[in-house]
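The primary structure of each chain is shown beneath.
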Amino acid sequence: KQEVTQIPAALSVPEGENLVLNCSFTDSAIYNLQWFRQDPGKGLTSLLLIQSSQREQTSGRLNASLDKSSGRSTLYIAASQPGDSATYLCAVPNNAGNMLTFGGGTRLMVKP
Amino acid sequence: EPEVTQTPSHQVTQMGQEVILRCVPISNHLYFYWYRQILGQKVEFLVSFYNNEISEKSEIFDDQFSVERPDGSNFTLKIRSTKLEDSAMYFCASSVRLAGAVGQETQYFGPGTRLLVL
């Protein structure tokens with residue numbers, strides 16, 4: 001059974017800092033890994049989907065990397081802003097691609 | 001940009017009552033999903049639906065739950081007899097399945113319905 005873990009559970013940084021969020025998964029036979037953002041009491045916004053054949057995927061100040069063999073992904077946020085404050089979730093699909101298993105999230109606070 | 005919508009945004013119900021949560025997936029998407037998130041816990045998969053059939057369901061999705069696509073646009077989750085532990089945020093998601101591209105598509109999530117069972 002796939003298990004997804006995110007470290008740290010919470011992170012507080014000053015504005016402008018670059019930061020890295022970590023995601024690990026136990027079954028490396030994945031098609032892709034998806035990163036989401038969740039604001040308090042809100043839905044999930046897809047940030048990046050990185051395919052198993054890719055090593056990196058970039059969108060603006062966000063860069064996701066994937067190392068399937070070691071079961072790890074990182075989300076790098078450059079020049080953090082207070083508006084980046086949210087919970088960041090990673091998720092991986094099962095073999096049939098019809099369900100996602102989520103990590104517990106990293107709650108990020110960027111202080112002005 | 002197309003988005004998944006859900007109604008209602010909040011629902012309060014008494015234990016034992018039936019509730020129906022509604023979702024309108026993105027129009028050209030073929031796969032539909034329900035997830036839930038109990039306060040402070042992980043997002044958990046409930047069920048996926050394709051071609052008018054359940055394609056996958058979790059252990060949570062027992063006989064109290066059912067899903068339906070009553071028309072060409074809506075996708076519903078019914079809980080027949082709610083329990084206190086059903087209190088959670090329920091998310092609907094949809095994705096487009098490209099031929100030969102199993103598991104490569106992004107799932108797009110709605111804003112959620114917060115269900116409170118008293």
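In what follows, the structure referred to is the one given above.
Per chain, residues are indexed from 1 in the order of the written sequence. The lettering of chains begins at A and the numbering of ligands begins at 1, in the order of writing. Only residues with pLDDT of 70 or above have their local features reported here, since the model is predicted, and side-chain atom pairs are shown and tallied only from 80 upward, although totals for entire chains, interfaces and linings are computed over all residues. Only hydrogens and water are removed before side-chain values are computed, so all heavy atoms of the structure are retained for them.

**Digging into the overall build of chain B**
Secondary structure elements follow DSSP: runs of H or I no shorter than four residues count as helices, runs of E no shorter than two count as strands, and numbering proceeds from the N terminus. Per the secondary structure count, chain B includes 0 helices and 11 strands. Along chain B, helices (α) and strands (β) appear in the sequence β-β-β-β-β-β-β-β-β-β-β when read from the amino end. At 14 Å, chain B has a C-alpha radius of gyration in line with the 13 Å of a compact globule built from 118 residues. With the C-alpha coordinates of chain B rotated into their principal frame, the extents come out at 45 × 30 × 30 Å. Here's how the labels work: a residue is buried when its accessible area is under 20% of the maximum for its type, exposed when over 50%, partly exposed in between, all with a 1.4 Å probe on protein chains only. Burial analysis of chain B (118 residues in total) assigns 47% to the buried set. Any two residues having at least one pair of non-hydrogen atoms within 4.5 Å are treated as being in contact. Expressed as a percentage of contacts within chain B between residues at least 6 apart in sequence, the contacts between residues at least 24 apart total 55%. Note on method: radius of gyration uses C-alpha positions; expected globular size equals 2.2 Å times residues raised to 0.38.

**Quick look at the sheet that holds strand β1 (residues 4-7) of chain A**
Residue and element names in this part refer to chain A. Strands pair, by our definition, only if DSSP identifies at least two bridges between them. Strand order in this open sheet of 5 strands is β1-β3-β8-β7-β6, and the pairing throughout is antiparallel. The sheet terminates laterally at β1 and β6 (56-59), the two strands that pair on one side only. Going across the sheet, the axis of each strand differs from the next one's by a mean of 15°, ignoring polarity. Here β6 pairs with strand β7 (residues 62-67) via 4 bridges, running antiparallel. Residue pairing for β7: T58 is matched across the bridge by N63. Helix axes are fitted only over the stretch in contact, all axes being lines through C-alpha atoms; the angle between N-to-C directions runs from 0 to 180 degrees.

**Notes on the state of the cysteines**
The term disulfide is used for any two cysteine sulfur atoms that are within 2.5 Å. If you walk through the whole model with that rule in mind, you get 2 disulfides over all chains. At a sulfur-sulfur separation of 2.0 Å, the disulfide partner of C23 of chain A is C90 of chain A. Judged by the sign of its S-S torsion, about 80°, the bond between C23 of chain A and C90 of chain A is right-handed. Of the two residues, C23 of chain A sits in strand β3 (residues 19-25) while C90 of chain A sits in strand β9 (residues 86-93), which places them 67 residues apart along the sequence. Judged by its relative accessible area of 0%, C90 of chain A is buried. What pairs with C23 of chain B in a disulfide is C92 of chain B, and their sulfur atoms sit 1.9 Å apart. Across the S-S bond of C23 of chain B and C92 of chain B the torsion is about -65°, and the bridge reads as left-handed. In this pair, C23 of chain B sits in strand β3 (residues 19-24) while C92 of chain B sits in strand β9 (residues 88-95), placing the two residues 69 residues apart along the sequence. By relative accessible area, which is 0% here, C92 of chain B ends up buried.

**Describing the packing of aromatic side chains**
Only Phe, Tyr and Trp rings are paired, with Trp represented by its six-membered ring, and only when their centres lie within 6.5 Å; those with planes under 30 degrees apart are stacked, over 60 edge-to-face, the remainder tilted. The tally for this structure, following the rule as stated, stands at 13 aromatic pairs over all chains. Considering the side-chain rings of F32 of chain B and F75 of chain B, the 5.4 Å spacing of their centres and the 40° angle between planes classify their relative orientation as tilted. Linking F32 of chain B in strand β4 (residues 31-37) with F75 of chain B in strand β8 (residues 75-79), this pair joins segments that are 43 residues apart in sequence. Among the residues examined, F75 of chain B registers a relative accessible area of 0% and is labelled buried. One aromatic cluster is present, built from ring pairs that chain together F36 and F102 of chain A together with Y33, Y35, F45, F91 and F109 of chain B.

**A closer look at the interface of chain A and chain B**
With 25 residues of chain A in contact, the opposing surface of chain B contributes 22 residues. Accessible surface is computed with a 1.4 Å probe, and the buried area is the amount of it that two parts give up when combined, taken over both parts together. Summing both partners gives a buried area of about 1,800 Å² for chain A against chain B, and 52% of it is carried by carbon and sulfur. Of all residues in chain A, the largest losses of buried area upon contact with chain B belong to L44, N98 and F102 of chain A, amounting jointly to 28% of the total for that side. Only one rule defines a salt bridge in this text: a Lys or Arg side-chain nitrogen within 4 Å of an Asp or Glu carboxyl oxygen. Taken together, chain A and chain B are joined by 0 salt bridges.

**What about the sheet that holds strand β7 (residues 65-68) of chain B?**
Residue and element names in this part refer to chain B. Read across the open sheet, the 4 strands follow the order β1-β3-β8-β7; overall the sheet is antiparallel. This sheet does not close on itself; its edge strands, each paired only once, are β1 (5-7) and β7. For this sheet the average axis-to-axis angle between neighbouring strands, irrespective of direction, equals 20°. Sheet topology places β7 next to β8; 4 bridges connect them, and they run antiparallel. Paired with F65 across the two strands is I79, which belongs to β8.

**So, the environment of R72 of chain A**
Residues and elements named next belong to chain A. Mapping R72 onto the fold places it in strand β8 (residues 72-77). Considered as a pair, R72 and C23 are 49 residues apart in the sequence and their alpha carbons are 5.7 Å apart. Not counting the four nearest positions on each side in its chain, R72 is found in contact with C23, S24, F25, S65, L66 and D67.

**A word on a nonpolar patch on the surface**
On the surface, a cluster of nonpolar side chains totalling about 270 Å² of accessible area is made up of V12, L116 and L118 of chain B. Considering the arrangement of structural elements, one finds L116 of chain B in strand β11 (residues 113-117). Patches here are clusters of residues that have more than 30% relative accessible area and form no salt bridge, with a 9 Å joining cutoff for like charges and a 5 Å cutoff for nonpolar side chains (Val, Leu, Ile, Met, Phe, Trp, Tyr). For the area figures, the Shrake-Rupley method with a 1.4 Å probe applies, and any residue is considered shielded solely by the protein chains shown.

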